[in-house]
Every structure is written in C-alpha cells, then in structure tokens.
2 protein chains.
Amino acid sequence: MGRLGVDLYPLQSGVELARVETFGKFLGGSPANVAVAAARLGSRTALVSRTGADPFGAYLHRELRAFGVDDRWVTDVAAYPTPVTFCEIFPPDHFPIHFYRRPKAPDLEIHLHELDLPALRAARALWVTGTGLSAEPSRAATLGALRERAGATGDGTARAGAAGSDSAVPGALTVLDLDWRPALWDGTADDARPLYREALRYATVAVGNLDECEVATGEREPYAAARALLAAGVRLAVVKQGPKGVLALAADGTTAEVPPLPVEVVNGLGAGDAFGGALAHGLVAGLDLETLLRRANAAGAIVAGRLACSPAMPYAEEITLALDTGDASIPDHPR
Amino acid sequence: MGRLGVDLYPLQSGVELARVETFGKFLGGSPANVAVAAARLGSRTALVSRTGADPFGAYLHRELRAFGVDDRWVTDVAAYPTPVTFCEIFPPDHFPIHFYRRPKAPDLEIHLHELDLPALRAARALWVTGTGLSAEPSRAATLGALRERAGATGDGTARAGAAGSDSAVPGALTVLDLDWRPALWDGTADDARPLYREALRYATVAVGNLDECEVATGEREPYAAARALLAAGVRLAVVKQGPKGVLALAADGTTAEVPPLPVEVVNGLGAGDAFGGALAHGLVAGLDLETLLRRANAAGAIVAGRLACSPAMPYAEEITLALDTGDASIPDHPR
C-alpha cells in the first residue's frame, strides 16, 4: 500500500542529470516495487494506490498487470498528475532522486473509507510505508489499515494469527517500512516520530536503515535501534546497516545478522525494494529468520547490480544462485 | 521573457505516452524556444526567466548558451523544481502535452522589482506571452515590462521608436504572444480577457491562433479578430489560421496573407515558436509585411517537419530554400 509513479531513469550511467540525453520509463514507487518483487518470487500480490487520470496512470496499470500485481485497488485521482521521478546514477553509492510529486501525489489521496477492509484483513501480509504517514488522507488510511490488521480494540494488541512455529514472525504479518524520505514530508523528523510510534504499535514487522531507525526511535546504534523497534510494539525488527549488512531481532529473542553479498553496484536504487519483496515473500512462506534474511539480502544485492529497478527484480532461482556462488552480480534477465 | 523548462519527448512517434519506452530531453518553453529560433537566424537574444535550483536548471543554462541565447537574466528559485513537460506525437495534428508545473513554475516567480529595466528598454524587441499573465508575480512583471517598453505615462501610448519606413511595425517592438494555455491558468478565459486587454494596450505586435484571439478579443473570425487586436492598441496583428495560413493586419492599413507551406508533419510542437522567432527576427530586421510573414510561416513549417523543437529551429538558408522550392520538408540538420 502506498507510493506509485513513473521512474525516468537515465539510459547513461555515471552522467549528471544535466547531461543525460535519454531516459527510460519504468514503474516505480517503493511499495509498488516491493509488490513486483514479491510477485516475481511467486507471491500473489496486490497494490493499494492511486495515480493521475492520465496516460502515465494507464501505463502503471498495464505494467502492474504485466508484473503479475493485482491492480484492482489502484484508482485514479482527477486533481493531480501521476508522479514522475528522475534519478542520477553514480555508482557505487550516489543515486540522487528528483521527485515531481507536488502539490500532492495521487497515492497520498488514499482514503480510509475507500479501503477494502475485508480484503485487507484476508491478506496474509500487508506492507505499508512511512511515506504513507506523511500527509492526510493517506496517514489516516495507513494507520487505519494497520489497526484493522491488528484487530485493535484500542489496546494496541496485534492480532494473533496463522503461520507455523518455525516462522520468523508467528501470527498476522503487517510490515512497516520506515521509508523516511524527508523530501516528501512537510515537517521534520520530530513531527514524524509520533506517527511512527503509532504505526509501530500495530505493525508486527519493522524494516529500516539506520537513518530511518533514528527518525522512528531516536536510536541509530543497530542493536539499540532494533530493541527500540521491538519495544515500540513489533515482533520483528530488521535493521539495514548498509555496508555492514543486515541485522534482525525478534521478540522471542531470536537474532540473525548477515553480511553484505559482494556485487558490482550498477544502480543502488530499487535494492531496498527487492529486499522488501523477498522479506515479505519469505515471511509469508514461514522461512526461519536466518534464511529469510539471507535471501532478502541476496535479492537486494542482485538488483543493485542491475540498471533497472522494477523489471530487474530477481527470480527465486537467481537468489539461490547468488547465495550458492557467494556473488550477486547476475546479469539482468531479458524482459 | 517567460516560460522555460525541460521537454521530454518520445523517441518513438505515433505511440501513446503509456507505450513510449524512451524519452529525449530538450530545452523547452515557448518564449525560450522563440529566443533560440531568433538566435539561430542571427539575432542577439537573451531570455528573462527562472528555473529550479537543480540539475535540470543547470542543463537549461548550458543549453541556452549552446544555442547562443544570453542566460544572464535566468535565475533560480529554491522553492520549486524546474518544470518538465511530456508530449505525445500523433502526426499530423494531435500532440497532447502533459505539464509538470505545479504547485508553481519558477518562471512564474519573475518579480517586477528584479527586472533589469535599462536592458529591457534598450532591447530592439521584447517578446512576452499570455502565460506570463497567468499568475503573480509574473503577471505584474510582464505588464510592468510592457509599460516600461511603451514608456507609458498612464495614457497607454506606445513609445515611438527606431526602425525604417519599410518595416512592418515602425517604432518600438514589443510582441505579445497570446499563448492561451488553459491548463496553466487557474481561472477561465473570462478571467484572462481583461489581462490580455491590459497587455495589448502596451504591446505593439500581437500574435495568436484563432482560439487565442477569441479569448483575448471575443472574436474568432480572422479579420474581425485582427481588427479587434488593432483596436486594443497594437500596430500589427498576426492571426494564425492553421490549415488556412496566416493573416496580418497593420494599423497603417497594410495587410498580408500567406498560405501554409506544404510539409509532411512529424511533430507540430515548436512550429509556433519557430514562427515567432522568425517573426521577431524579421521585425527587428525591418522586413516588409509580406516577406516577414512568408519567412515566419516557412520557419514554422520546417520545424513541423522535424521531430525535435529547440534543436530543430531553422537557419536562414533553410527558410530561403523552403520558400524557393515551395516545400518545407527539409531534413533536420545534425546537431
């Protein structure tokens, strides 16, 4: 549930935006990419989002369907155009993003009263993002969806649920991707923190990098941040430490930590979404924490080694191959 | 003076935006293109405009200079990104445009008090557009520049000036391109009309198509519209009638009418700007009305026969060639 737009990516790498001559057009928006990534791994996925009533919106519907993502809950908004996003690609670690999401992105016009609550309850996992908390009515819709999943009666207790005893998170799966994008918020991190805390009361899994953990919890030391996320209410905290790998702490005391997988970085954008898609897919599949983290980590590394984002999401066999060989540099599959 | 942005044009023609895979990036914005077109013909030109403080803004500065347009009066605005515009290309007559200029384009943040009035007075011609009237502070700046050129003391009399007796418009040249773009105005045509009337009091030349003439004057029959523009204060009215050619009426009773020049249309966008650049260049050169109109008309037709806009603006020899052969289909020059 959340962000959806058109990414315009340079067809030249290592070139500043001022000098890029041609751009390719791709489906983008973090949770949309996560849905694509999970679908590619075999999950049955759907996106809850909105677009402009325009040709780019039509493109996104077509593209979601082509990726196997159910688009029935993607509706259009007459007042705003479909957002476009430009990026610059300076490997290995500089990928500036330029958003055209003002005055407001259609995906922030998701209304609580328009949500399909039975479908939200029935889903085996729900993925929401911090950016969904950045403005109304999306903020109320995102928090409302989290509460609905938690079956909250006001005490903030997450609903007990289904999955098996081996799984990293028993019970209902509701993932909050902290996804702190200051450019997309009007206020400061201090304004965002109470909203993160509210969302964390109802989510069962939280995912974020160190900057995002600090905004949400005030902590940026990985273990302290993970513990703070658990204390805020989730059952599993996943902390992305960049070059230091990924750390996960579960409420039952289980921990896992995996190092980064070597890859020649082509474009770091989309790697986090590949990680997220594999995480969601693995959580639903009931993988143990170590396997879950290894596979998500490999999925992210594979996409970092490819130019595209949504079309570059890996197949399960590619993740297995990367883990078997210890090398995530796997050429992009022809589309 | 006015609009400036990045045009993202499909590198495929005849394809709806949803299916365009790659885009090329070009300098765009009507008055910016007019400046480029006049520069290509040999005029010394400058643009008064603004961009975002971003990589696309840097690109536009570089591109203006490469085209020989003085960019010293193009400044940046921190609050808004450089506008981008997408188009679709369905020859011969359907070229939908999708603007990303909200919440506001930097080029509408031109302030009257920041104008270089001595430079504005010294220029041999000033070109402004109706879109410049669409929002403050650009509205006050555009009207202020027109008044400054007219040396108005409140009576609305245009300043008498330089050029020779053969020229289509004796005296100071101040062109108002009616440029009615409903998508870029908050209000209706009825809201715009008084602003057009005010601008026409101070301009010496008005240019527009039939729709634009109707918004500005209430008339859409070509002769009636031209007479209404003259009555509103200009000395030369140029009415673009599309497939019926171009009509011009001067205050001294001179008239000229030229038929369209045959061309296989590739992309109609930019043709009006090529026409405008050749018109401004020819007015400054003091061409007689018939020659002026024939050359502007040929310039427009040449660009309609090319995919690009700003880079496709014709050289003087190409205009002469089109007029000599009676065929405007002249392949684009290599850049």
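Up top you'll find the structure we're talking about.
Because the structure is a prediction, the values reported are computed rather than measured.

1. A word on helix α2 (residues 55–66) of chain A
All names here are of chain A. With 12 residues, α2 extends 16 Å from end C-alpha to end C-alpha; this agrees with the ideal 16 Å at 1.5 Å per step. When α2 is considered as a whole, its buried residues turn out to be P55, F56, G57, Y59, L60, H61, E63 and L64. At the exit of α2 stands G68, carrying a positive phi of roughly 85°.

2. Looking at the sheet that holds strand β11 (residues 246–250) of chain A
Strands belonging to one sheet form pairs held by backbone hydrogen bonds; the direction of such a pair is parallel or antiparallel. Residues and elements named next belong to chain A. Ordered in space as β7-β8-β9-β10-β11-β12, the 6 strands form an open sheet in which the pairing is mixed. Each edge of the open sheet is held by one strand with a lone partner, namely β7 (125–129) and β12 (255–258). Taken over all neighbouring pairs, the strand axes of this sheet differ in orientation by 15° on average, direction set aside. Both strand β9 (residues 205–209) and strand β10 (residues 236–240) contribute to a ladder of 5 bridges, which runs parallel. Residue pairing for β10: A206 is matched across the bridge by A237. Running over the sheet, helix α4 (residues 138–150) touches β7 and β8 (173–177) and is turned about 155° from β7.

3. Quick word on the relation of the copies chain A and chain B
At an RMSD of 0.0 Å, chain A and chain B line up after a rotation of 180° and a shift of 0.0 Å along the axis. Those values place the two copies in the arrangement expected of a two-fold rotation axis. Here 100% of the contact residues of chain A are again contact residues in chain B; the copies associate through an equivalent surface.

4. Here we look at the packing of helix α4 (residues 138–150) of chain B against helix α5 (residues 189–202) of chain B
All names here are of chain B. α5 packs onto α4 with a crossing angle of 25° between their chain directions and a minimal axis gap of 8 Å. Classified by the angle their axes make, α4 and α5 are roughly parallel. The way α4 lies across α5 gives a crossing that is left-handed. Along its contact with α4, which presents R139, L143, L146, R147 and A150, the element α5 presents L195, E198, A199 and Y202.

5. What to know about the pairing of β11 of chain A
Two faces make up the sheet, and in a regular strand the side chains alternate between them. All names here are of chain A. Burial within β11 is extensive, with 5 of its 5 residues counted as buried. Of the two faces of β11, both are covered, the one formed by V246, A248 and A250 as well as the one formed by L247 and L249. Strand direction decides the pairing type here: β10 and β11, joined by 5 bridges, are antiparallel. For V239, the partnering residue across the bridge sits in β11 and is L247. Between the antiparallel neighbours β10 and β11 lie 5 residues, among them G242 with a positive phi of about 65°. Judged from the 4 bridges that link them, β11 and β12 form a sheet pairing that is antiparallel. Counted as the bridge partner of L247 is E257 from β12. The hairpin formed by β11 and β12 contains 4 residues between the paired strands, and G253 there has a positive phi angle of roughly 95°.

Reading the values: rules and limits
- Residues numbered from 1 in each chain as written.
- Chains lettered and ligands numbered in written order.
- Predicted model: local features only at pLDDT ≥ 70, side-chain atom pairs only at ≥ 80, totals over all residues.
- Heavy atoms only, no water.
- Helix = DSSP H or I, 4+ residues; strand = E, 2+ residues; numbered from the N terminus.
- Expected span 1.5 Å × (residues − 1).
- Buried < 20%, exposed > 50% of the residue type's maximum accessible area, 1.4 Å probe, protein only.
- Pairing = 2+ DSSP bridges.
- Axes fitted to C-alpha atoms, helices over the stretch in contact; angles between N-to-C directions.
- Contact = heavy atoms within 4.5 Å.
- Least-squares fit on C-alpha atoms with pLDDT ≥ 70 in both.
- Parallel < 35°, antiparallel > 145°, perpendicular 65-115°, else oblique.
- Left-handed = near helix turned anticlockwise from the far one by under 90°.

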